[in-house]
Amino acid sequence: AQSVTQPDIHITVSEGASLELRCNYSYGATPYLFWYVQSPGQGLQLLLKYFSGDTLVQGIKGFEAEFKRSQSSFNLRKPSVHWSDAAEYFCAVGAQGGYNKLIFGAGTRLAVHP
Amino acid sequence: EPEVTQTPSHQVTQMGQEVILRCVPISNHLYFYWYRQILGQKVEFLVSFYNNEISEKSEIFDDQFSVERPDGSNFTLKIRSTKLEDSAMYFCASYGVAGGPREDTQYFGPGTRLTVL
């Protein structure tokens, strides 16, 4: 079955600390992978995506993610978190082509302490 | 940057009433979607629409739901007889083809929060 698992429901970090949000997927074919961010009361904003090629992808707001096929993972990282990064982060997977439905994880809520 | 827009931002309705949620996808995008997020839960796919017909739908998308692209710019989701469990945030998304604006990824609107009383 196709699924996305985000093991951490809540994460709290101090401002300036590094961040890693975990994402594992189960997908029959080669997936397209995405990270979206949702600020309170807002919609879903694309942070970054992986389709193919270099397994380390850069996104907006200083985020990066690494695709590891052997571990079925696509973890999101940021070297230094800012208070404005507090939000909910969703990992999603879709079939090749980009136009296929996305399957989302349950999300990780990030809190940032000053 | 072009954006997906949705109206209204918040809709309150009585159980059993019909609601229509509206979306304006990114111009020149060809694929359109509805997803929903029940409070505290994950975002779930409802339906995708291409070339004026449904290309895929989830088991959630039963006969109470319908979608339409009534003109060249709007994309609507209709719920014929709302239930309490339809209360959720509904997101519209659109997808563009290579060479067009904001290509190769589904871009989401800000959502419509539907509250069924």
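Being a predicted model, the structure only gives us computed values, none of them experimental. (Residues numbered from 1 in each chain as written. Chains lettered and ligands numbered in written order. Predicted model: local features only at pLDDT ≥ 70, side-chain atom pairs only at ≥ 80, totals over all residues. Heavy atoms only, no water.)

**Points about the sheet that holds strand β3 (residues 19-24) of chain B**
Residues and elements named next belong to chain B.
Part 1 of the reasoning: The sheet built from four strands is open, its strands ordered β1-β3-β8-β7 with antiparallel pairing. Each edge of the open sheet carries a strand with a single partner, namely β1 (5-7) and β7 (65-68). In this sheet, adjacent strand axes meet at a mean angle of 20° when their direction is disregarded.
Part 2 of the reasoning: The pairing of β1 with β3 spans three bridges and is antiparallel. Across the sheet, residue threonine 5 finds its bridge partner in β3, namely valine 24. (Pairing = 2+ DSSP bridges. Helix = DSSP H or I, 4+ residues; strand = E, 2+ residues; numbered from the N terminus. Axes fitted to C-alpha atoms, helices over the stretch in contact; angles between N-to-C directions.)

**Brief notes about the interface of chain A and chain B**
Part 1 of the reasoning: Listed as interface residues are 20 residues of chain A and, on the opposing side, 18 residues of chain B.
Part 2 of the reasoning: Buried area between chain A and chain B, summed over both chains or domains, comes out near 1,600 Å², and the portion from carbon and sulfur atoms is 56%.
Part 3 of the reasoning: Inspection of the region where chain A meets chain B yields one salt bridge.
Part 4 of the reasoning: A salt bridge links glutamate 56 of chain B to lysine 101 of chain A; its shortest N-O distance comes to 3.2 Å.
Part 5 of the reasoning: At the junction of chain A and chain B, the tally comes to seven residue pairs in polar contact (both at pLDDT 80 or more).
Part 6 of the reasoning: When contributions to the side of chain A that touches chain B are tallied by element, the ones reaching two or more residues are β5 (32-38), β6 (45-50) and β11 (102-104) of chain A.
Part 7 of the reasoning: Among the elements that make up the side of chain A that touches chain B, the one with the highest residue count is β5 of chain A (three residues).
Part 8 of the reasoning: Here the side of chain A that touches chain B is built from residues that sort into eleven nonpolar, seven polar and two charged. (Contact = heavy atoms within 4.5 Å. Buried area = accessible area lost by both parts, 1.4 Å probe. Salt bridge = Lys/Arg side-chain N within 4 Å of Asp/Glu carboxyl O. Polar contact = N/O pair within 3.5 Å; in protein donor to acceptor, adjacent residues only side chain to side chain. Nonpolar A, V, L, I, M, F, W, Y, C, P; charged D, E, K, R; others polar.)

**A word on the pairing of strand β9 (residues 73-78) of chain A**
Two faces make up the sheet, and in a regular strand the side chains alternate between them.
All names here are of chain A.
Part 1 of the reasoning: Buried residues dominate β9, accounting for five of its six residues.
Part 2 of the reasoning: Relative to β9, strand β3 (residues 19-21) runs antiparallel, the two sharing three bridges. Residue glutamate 20 lies in a different strand from β9, and its bridge partner there is arginine 77.
Part 3 of the reasoning: Two elements, strand β8 (residues 64-68) and β9, share five bridges in a ladder whose sense is antiparallel. Within the sheet, the bridge partner assigned to phenylalanine 67 lies in β9 and is phenylalanine 74. (Buried < 20%, exposed > 50% of the residue type's maximum accessible area, 1.4 Å probe, protein only.)

Geometry only, nothing functional implied.
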